[in-house]
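# Tertiary structure, described
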Amino acid sequence: MRYPIRLVLAALAVAGPALSAQLPITLQHARPVDQRGVNMFEPPKQDTVSFTGPRVNIGAAFRQDFQALQHENTAAPRMVTVGGVTTDANQLITVGHGFNNAVANLYLDAQLAKGIRVAMTSYLSARHHNETWVKDGYILIDASPFNNATLDRVMKYTTVKVGEFEMNYGDGHFRRTDNGQALYNPLVGNYILDAFTTEIGAEVYLRKGSWLGMAGLTNGEIHGMVLSPDKRAPAFYGKVGFDRQVDPDLRVRLTGSAITQARSTNQSLYGGDRAGSVYYDIMENTTSTESSNAWSGRIRNPFSSKIQGQVINPFVKYGNAEFFGQFEWAQGNNGPTEPVDRHIQQQVYEGVYRLANDQLYLAGRYDTFSGRLAGIANDVSVDRYQVGGGWYVTQNLLAKLEWVDQKYHDFPATDIRAGGHFKGFMVSAGVAF
């Protein structure tokens, strides 16, 4: 078998340039939605294209998954009666093998002036919302709108983002699957604890050479709201770090992020993904539905009010090998009825090895969560292994395979996750342009 494999790799190496024909990049300071955006974090500060006048770009991303998972638990029966019908709330729903619903994103971007861009993303279809709705929309300013020597010097190092946008807390959100956009994630599923949300506010960046500093302010919730001001406070967060191409073979990036919010009615840092999990109906009971139980397999919304958190992200790429880590800690509560803060933490270790001019890769990830959840008197933990690989058929088309194995530990017998375990294969195909 080794000779046919070598022939395939050699053919891919030769075919690489022909398979890589791309739509040209025409917007300034934008992360490409195709393979060119892999291992890119914040949109580039440097001008990659010249401004030739206002223009509008339309793009899209599509994802289709095949699921072959099985799950089990040891939870004690918990009988509940709804509408005269009694069921066991801890009995897992029966799942089989098959295709999950296809999902899609629509991108609408406009270059208004030199260094000034407006971006909007809509989910055309998602697990949680089958209908079309807007995910985010914001303005990104990387240059002065008019000629002024002082402003030009300031904007040489400064970026301003205003609107409703994907919060830049940690680096994991740059590598996750975002509904129809699956080309940045080397595996299929996202993290157990998913620090991803869109909120209304502003971010200000200072970048010089390899160094990055960012300060952000949002309302701490997905939706804008002016009611119950005594129950709400702004969320402050920031990021510092560096990203350096040390030599042609070695790139090193290290960032640290922090967030604090005193109170909220719906704190959304760990519950802002309105698209949902890629693992359908896993560890859900017999009343589970696709949209109502959209976050299967995750620890979601551990805090709904106060939060303080930190996350450290190292990234190292040496030749064809990559390592990415996420180490995060957070504490908070669900409001005045919970006077003592609870603590949680997550560690993620991810490795990727790329082959055949980056057309093929192998990937593995270990993810572990532990801490105290609301309503549970003791600490619990969840661990997950994911291994797989992918093939960029073109820079716009990715096919990938994942084996996932996730276990739940120390949950009380009355919780459906007691003795929980799911495992199996996921196959995913994604297109983005």
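A quick note: this is a predicted structure, and the numbers were derived from the prediction, not measured. (Residues numbered from 1 in each chain as written. Predicted model: local features only at pLDDT ≥ 70, side-chain atom pairs only at ≥ 80, totals over all residues. Heavy atoms only, no water.)

## Structural notes on the packing of aromatic side chains
Condition: Aromatic rings from Phe, Tyr and Trp, with only the six-membered ring used for Trp, were paired whenever their centres fell within 6.5 Å, and each pair was classed as stacked if the ring planes differed by under 30 degrees, edge-to-face if by over 60, and tilted otherwise. Secondary structure is summarised from DSSP: a helix means a run of H or I of at least four residues, a strand means a run of E of at least two, and numbering begins at the N terminus for each. Type-normalised accessible area, obtained with a 1.4 Å probe on protein chains alone, sets the label of each residue: buried when under 20%, exposed when over 50%, and partly exposed for intermediate values.
For the coordinates displayed, the defined rule picks out 13 aromatic pairs. Residues Phe41 and Phe315 carry aromatic rings whose centres are separated by 5.6 Å and whose planes lie at 65° to one another, so their mutual orientation is edge-to-face. Pair noted here: Phe41 is in the loop between α1 (2-19) and β1 (55-72) and Phe315 is in strand β13 (residues 307-318), with a separation of 274 residues, a long-range link. The exposure class assigned to Phe41 is buried, which follows from its relative accessible area of 3%. A ring pair is formed by Tyr366 and Tyr385, whose centres lie 4.9 Å apart and whose planes are at 40°; its orientation type is tilted.

## Section: the confidence of the model for the protein chain
Our working definition: The pLDDT value expresses, per residue, how confident the predictor is, ranging between 0 and 100. Working rule for contacts: check all heavy atoms of both residues, and any pair within 4.5 Å makes them a contact.
Per-residue confidence for the protein chain gives a mean pLDDT of 93; residues scoring 70 or more make up 95%. Segment residues 1-15: pLDDT under 50, and eight contacts once partners within four positions in sequence are set aside and those in other chains are kept.

## Quick word on the pairing of strand β3 (residues 85-88)
Applicable threshold: Between any two strands, at least two bridges found by DSSP are needed for them to pair.
As defined by bridge partners, strand β2 (residues 79-82) adjoins β3 across four bridges and the pair is classed as antiparallel. Bridging from a neighbouring strand, Val80 pairs with Thr87 of β3. Between β2 and β3, which pair antiparallel one after the other, the connecting turn spans two residues, and Gly83 there sits at a positive phi close to 60°.

## Some points on the pattern of salt bridges
Formally: Note on definitions: salt bridges are taken to be side-chain nitrogens of Lys or Arg within 4 Å of carboxyl oxygens of Asp or Glu.
Tallied over the full model, the rule gives 27 salt bridges. Lys135 is the salt-bridge partner of Asp178, the closest N and O atoms lying 2.7 Å from each other. With Asp178 in the loop between β8 (158-166) and β9 (198-208) and Lys135 in strand β7 (residues 133-141), the pair connects residues that are 43 residues apart, well separated along the chain. Comparing Asp178 with Lys135 shows no difference in burial state: the two are buried. The shortest N-O distance in the salt bridge between Lys239 and Asp171 comes to 2.6 Å. With Lys239 in strand β11 (residues 235-247) and Asp171 in the loop between β8 and β9, this residue pair connects regions lying 68 residues apart in the sequence.

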